[in-house]
Amino acid sequence: MEDKTVSERIDDIYFINRWGEGYFSIGDEGHLSVRPDRSLSRSTIDIKKVIDEIKERGVQLPCVVRFPEILRSQVIHLNETFKTVIDEADYKGRFMGVFPVKVNQMREVVEEIVDAGAPYDFGLEAGSKAELLSVLSLNTNKESLTILNGHKDREYLRLALLGRKLQRKMIVVVERFQELIELIELSKEMNVEPLIGLRAKISVKGSGKWSESGGEKAKFGLSVSEIMQGVKLLEENGLKGTVKLIHFHVGSQVVNIQTIKDAISEGTRIYSELIKLGVPIEYMDVGGGLGVDYDGSQSAHDSSRNYSTEIYASDIVYGIQQVCDLAGVKHPHIVTESGRAMTAHHSFVLVEVVDKIGPMTTDFREGSYDDLEKPHILVTNIKEILTSVHETPFQEVFNDALAVKTDAENAFRLGILSLGEKAIIEDHFWEICRVLRGKIKHLDFISEDFESFADNLALQYLCNFSVFQSLPDSWAIDQLFPVVPITRLKELPTEHCILVDITCDSDGKIDKFINLGKYKNTLQLHSLKEDEPYYLGFFLTGAYQDVMGDTHNLFGRLNEVHIFSDVDDPHGFYVEEVIRGASAKKVLNTMQYNAGQMAYNMKKEIDSFVGLKNINPRESVKLIDFFEDCLNGYTYLRGKEEE
Ligand SMILES: *Cc1c(COP(=O)(O)O)cnc(C)c1O
């Protein structure tokens, strides 16, 4: 291998420049830093300084760190990109994007997006009744669109028509024929004209993990024949003129641009045919799907995308233009429903590594547990392997040691080996592994054949968080997220690790990491120091992960901080808001427990011991207080510096 500098080697481990989109980089002190507004070269925020400040304010980790300015930058970038392409192409419609709130319904997130999008009349999309309630209250711009997707009942449709009474541009996207029948009835009853969109089931399917959202078997949308019948029904009811939008959605995280191109061709063909039938459609809604390059490989891998936002916009604008010009119909306004790409970058999950676990983390004990006059042959064998460990090739040592360990397990089960002998064999086995790990640590590059062996020797770093709460897609669909230490990024990491969380679930681990279009089973991290906390960030978690987590093991929502840049501040930032995560009490409450009752029961029981010699009155009060403190406290572990 050619000689690479430390910083180049660190780049090859974490790929920060590749997935960071200019928002993330390594600062002078080797700390990860953030530039929340890409257009300003002025301010970078040192994340270690953010940690110091929030800890001082008593915010416990794990914690979601949010940068609202990144949301703003992403919204502006999307709108400006479309605007530029539309100008260049001399396209006659305008760009009227909407943000689908299901991707992140947090009020602060939606408000920031609405605010950043105001100059562009950027709107919102809802997919359920509760989301409709939220967008009704937030999208007050009369120019911007509110797109209503999802399955709808009469109540949902009534709410939409209420918005119409307020002259909002609320477009009900009809997904099932029945919705159209009910919408016609209700609009007569409420005496207000709807704005209608038709969701077309197109034959193009997405290519990534979410490909099932599109295609003919999709859960949503009308077939071409249903669209024709629908137009007829509306015409009979004098409402043909209310059909304003045609919609399709091929699925989220589209990894291959060809999928978008094909969908655009097919969707625009449907549009132009309907225009020719006299349906006055004004908007073409191409749905979501704009991907995020989680692994930085710019490839058609599941965690990446083989196109940029610029190419995405070009292919949509020029694609629609071409079909329309050929058919001689006017250019529709273009609507996208990008959620993932708007939100993924703006927040990350900050956790502390609290320990390393596994057999290789305890000291080797040479001693014997039994008085072994005639040690078992397996004991002698493993001792010999350890003695000659330095003279033998790694792989051979490992295979031999593993064979002895396996034999020992069988022998123990058969009653041939004593517990003491088994202990000696295990101690030696792990000591051999430890020596091997020490050797491969210093290798820069591990060949592919060697990888699985190296994976076997990986350390487990115990991280104070729950995969199920904070990184659900990592567990559910094996999605990759970049993981990077916050400090020591000028120092070459020496340990090959997998990450485990604090739930009691063996699925609560991360053992797949980004690796340019592939993945690796271990992540290189620094060895832990006794006197210095080690922090990791799980990045690009602002889309879906933020709001989908569950409370497996009753680990609740995380504390959350909102960080803004500030040129006048000595550290270049300020903490605008701290939102406390769920207390144990709150999480228990959702499971029908009553914290007051729980404390009362505890008190009664403790009191019944007072007077007996094990608990005196003073101590009983302390115990009750402690129980109540825990009910009010955070559901996660207390870190080293938080005791
Ligand atoms: C989920 C969804 C979106 C958002 O997709 P992204 O890939 O996150 O941009 C947009 N439209 C519809 C109809 C959806 O269901």
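Parameters at a glance
Residues numbered from 1 in each chain as written. Predicted model: local features only at pLDDT ≥ 70, side-chain atom pairs only at ≥ 80, totals over all residues. Heavy atoms only, no water. Pairing = 2+ DSSP bridges. Helix = DSSP H or I, 4+ residues; strand = E, 2+ residues; numbered from the N terminus. Axes fitted to C-alpha atoms, helices over the stretch in contact; angles between N-to-C directions. Phe/Tyr/Trp six-rings, centres within 6.5 Å; stacked < 30°, edge-to-face > 60°. Buried < 20%, exposed > 50% of the residue type's maximum accessible area, 1.4 Å probe, protein only. Lys NZ or Arg CZ within 6 Å of the ring centre and 35° of its normal. Salt bridge = Lys/Arg side-chain N within 4 Å of Asp/Glu carboxyl O. Near = heavy atom within 4 Å. Polar contact = N/O pair within 3.5 Å; in protein donor to acceptor, adjacent residues only side chain to side chain. Areas by Shrake-Rupley, 256 points an atom, 1.4 Å probe, with all protein chains shown as cover. Patch = residues over 30% accessible without salt bridge, like charges linked within 9 Å, V, L, I, M, F, W, Y side chains within 5 Å. Expected span 1.5 Å × (residues − 1). Arc of directions from axis to C-beta. 1 Å grid on protein atoms, 1.4 Å probe; cavity = no way out; pocket = protein on both sides within 12 Å on 5 of 7 lines; lining within 4 Å. Points joined across faces, edges and corners; volume = space filled by probe spheres on them. Nonpolar A, V, L, I, M, F, W, Y, C, P; charged D, E, K, R; others polar. Disulfide = S-S within 2.5 Å. Domains from an automatic or database assignment. Contact = heavy atoms within 4.5 Å.

A. Seen up close, the sheet that holds strand E7 (residues 145–148). The strand order across the open sheet formed by eight strands is E5-E6-E7-E8-E9-E10-E11-E12, and the pairing between neighbours is parallel. What marks the edges here is a single partner per strand, and that holds for strand E5 (98–100) and strand E12 (333–335). On average, each strand axis in the sheet is tilted by 25° relative to the strand beside it, whichever way the strands run. In this sheet, E12 lies alongside strand E11 (residues 283–285) in parallel orientation, the contact comprising three bridges. Following the sheet pairing, Asp285 is matched in E12 by Val335.

B. Structural detail: the packing of aromatic side chains. Following the criterion strictly, the structure yields 17 aromatic pairs and no others. Note on Phe555 and Tyr636: the rings are 5.2 Å apart at their centroids and 25° apart in plane angle, and the pair reads as stacked. With a gap of 81 residues between them, Phe555 in the loop between helix H19 (545–548) and strand E22 (559–565) and Tyr636 in the segment after helix H22 (617–632) connect regions that are remote in the sequence. Of the two residues examined, Phe555 and Tyr636, each falls in the buried class. Ring geometry for Phe564 and Tyr574: centres 5.8 Å apart, planes at 20°, overall stacked. One end of the pair, Phe564, is in strand E22; the other, Tyr574, is in strand E23 (residues 573–579), and ten residues separate them in sequence. Ring pairs connect the aromatic residues Trp19, Phe24, Phe67, Phe348 and Phe539, which therefore count as one cluster. Cation over ring: Lys152 sits above Tyr156, and NZ or CZ is 5.8 Å from the ring centre. Between Lys405 and the ring centre of Phe429, over which it is positioned, the NZ or CZ distance is 5.0 Å.

C. Geometry of the pattern of salt bridges. One pass over the full model with this rule turns up 35 salt bridges. Across the pair Lys48 and Asp52 runs a salt bridge, and its minimum N-O distance is 3.0 Å. With Lys48 and Asp52 both in helix H3 (residues 47–56) and four residues apart, this pair spans about one turn of that helix. Classification of Asp52 as partly exposed rests on a relative accessible area of 37%.

D. Quick peek at the site of the ligand. Neighbouring the ligand are 16 residues, the closest being Lys102, Ser252, Glu337, Gly339 and Tyr544. In the model, an oxygen atom of the ligand is placed 2.9 Å from a nitrogen or oxygen of the Arg340 main chain. Protein chains shield 92% of the accessible area of the ligand, which is 390 Å² for the free molecule.

E. A look at a nonpolar patch on the surface. Taken together, the side chains of Val224, Met228 and Leu277 define a hydrophobic patch exposed on the protein surface, amounting to about 280 Å² of accessible area. Assessed through its relative accessible area of 43%, Met228 is described here as partly exposed.

F. Seen up close, the sheet that holds strand E3 (residues 45–46). If you trace the three strands from one edge of the open sheet to the other, you get E1-E2-E3, paired in antiparallel fashion. Two strands close off the open sheet at either side, each with one partner strand: strand E1 (24–26) and E3. Pairing between E1 and strand E2 (residues 32–34): three bridges, direction antiparallel. Among the inter-strand pairings, Ile26 is bridged to a residue of E2, identified as Leu32.

G. Fine view of helix H14 (residues 394–413). Compared with an ideal rise of 1.5 Å per residue, which puts 20 residues at 28 Å, H14 spans 29 Å between its outermost C-alpha atoms and is within 8% of the ideal. Taken as a whole, H14 has its buried residues at Val397, Phe398, Ala401, Val404, Lys405, Ala408 and Ala411. Summarising the axial view, the buried residues of H14 lie within an arc of 155°, below the 170-degree limit, and thus occupy one face. Looking one or two residues past H14, Gly415 carries a phi angle of roughly 85°, positive in sign.

H. Up close: empty space enclosed by the protein. Taken as a whole and assessed by the stated rule, the structure comprises four cavities of 30 Å³ or more. The computed volume of the largest cavity comes to approximately 90 Å³. In terms of lining residues, the largest cavity is bounded by Val64, Val349, Gln469, Ser470, Thr541, Gln545, Asp546, Arg557 and Leu558. Its residues assigned to classes, the lining of the largest cavity shows three nonpolar, four polar and two charged.

I. The state of the cysteines, seen in detail. As enumerated under the stated definition, the model contains zero disulfides in all. Free cysteine: Cys463, not disulfide-bonded; nearest cysteine sulfur from Cys497 at 9.0 Å. Given a relative accessible area of 0%, Cys463 falls into the buried group.

J. Spatial organisation of the domain arrangement of the chain. You can read the domains of the chain as domain 1 (93–338), domain 2 (377–453) and domain 3 (586–642). A straight line from the C-alpha centre of domain 2 to that of domain 3 covers 47 Å.

K. Main features of the side chain of Arg488. When you line up the elements, Arg488 lands in the loop between strand E15 (483–485) and strand E16 (495–500). The exposure class assigned to Arg488 is buried, which follows from its relative accessible area of 10%. Excluding residues within four positions of it along the chain, Arg488 makes contact with Gly30, His526, Ser527, Lys529, Glu532 and Tyr534.

L. Region of the structure containing helix H5 (residues 107–117). In terms of burial, H5 is largely enclosed, as eight of its eleven residues are buried. Among all positions in H5, only Glu108, Val109, Val110, Glu112, Ile113, Val114, Ala116 and Gly117 are buried.

M. The arrangement of unusual backbone geometry in detail. In the segment running from Leu61 into Pro62, the intervening peptide bond is cis, with an omega of 0°. Along the chain, Pro62 turns up in the loop between H3 and strand E4 (63–66). Backbone geometry at Asp121 places phi at a positive 55°, although glycine is not the residue there. Topologically, Asp121 is positioned in the loop between H5 and strand E6 (123–126). By relative accessible area, which is 14% here, Asp121 ends up buried. Positioned with a positive phi, Leu516 is a non-glycine residue whose angle comes to about 45°.

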